[in-house]
Amino acid sequence: MRIGIGYDIHRLVEGRPFILGGVNIPFEKGLLGHSDGDALVHAIIDSILGALGEGNIGILFPDTEERFRGISSLELLKRVVDRFNFKLVNIDAVVICEEPKLNPYIELMRRNISEITGLPPGRISIKPRRKEGLDETGKGNAIEVMSVCLLEEVV
């Protein structure tokens, strides 16, 4: 068994879609990033790569490469799943943002991640939290995500 921790933060800006967990959520701002900016999926990828001892998302998918510009983060997750030999046991993530309200979209996020990883949705936890005005995230200028995964190596 191996445990991995992932973290990501993205600034909220106008003129970008707000995509989280592969869900395009209606909101006046979106997540700045080279890809689609999906901080939840990025943190999950980093937790998987960490558990595998394979570095981080920036090593595998550098933001200096045009082929990754605007790419779906779910596609990046699929590439990680297809590239390495492992079995996920569970994913636990905390998404910190003031707005938009995420609860209506959590089940769809879980299903999207489940479809890519093969992990049953009941083993994927996504918990929204707020910082209530503290720091840039709490002021509504960014979102942060922390993720932990447990995986088994497949021999």
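Preceding this paragraph is the structure being described.
None of the values given here were measured: they were computed from a predicted structure.

(A) Representation of the packing of aromatic side chains in the model. Summed over the entire model, instances satisfying the criterion amount to 2 aromatic pairs. Ring geometry for Phe18 against Phe27: centres 5.8 Å apart, planes inclined by 75 degrees, an arrangement best described as edge-to-face. Given the relative accessible area of 1%, Phe18 is considered buried.

(B) Geometry of the nonpolar core. Leu20, Leu40, Ile48, Leu102, Met109 and Ile143 are the most contacted members of the largest nonpolar core, which has 43 residues in total. Here this core gets 10 residues from one element, more than from any other, and that element is helix H1 (residues 39–52).

(C) Quick peek at the pairing of strand E6 (residues 124–129). When strand E5 (residues 86–96) meets E6, the two strands line up parallel, connected through 6 bridges. Following the sheet pairing, Asp92 is matched in E6 by Ser125. In the classification by handedness, the crossover that spans E5, the intervening helix H4 (residues 106–117) and the parallel E6 is right-handed.

(D) Highlighting the environment of Phe27. Within the secondary structure layout, Phe27 lies in the loop between strand E3 (23–25) and strand E4 (29–31). In this structure the C-alpha to C-alpha distance between Phe27 and Lys101, which are 74 residues apart in sequence, comes to 9.7 Å.

(E) Looking closely at the pairing of strand E7 (residues 142–153). Relative to E7, strand E1 (residues 2–14) is paired through 10 bridges, and the arrangement is antiparallel. Residue pairing for E7: Ile3 is matched across the bridge by Leu150. Relative to E7, E5 is paired through 10 bridges, and the arrangement is antiparallel. Following the sheet pairing, Lys87 is matched in E7 by Glu152.

Criteria and thresholds
Residues numbered from 1 in each chain as written. Predicted model: local features only at pLDDT ≥ 70, side-chain atom pairs only at ≥ 80, totals over all residues. Heavy atoms only, no water. Phe/Tyr/Trp six-rings, centres within 6.5 Å; stacked < 30°, edge-to-face > 60°. Buried < 20%, exposed > 50% of the residue type's maximum accessible area, 1.4 Å probe, protein only. Core = buried A, V, L, I, M, F, W, Y, C linked by side-chain atoms within 4.5 Å. Helix = DSSP H or I, 4+ residues; strand = E, 2+ residues; numbered from the N terminus. Pairing = 2+ DSSP bridges. Right-handed = clockwise from strand over helix to strand, strands pointing away.

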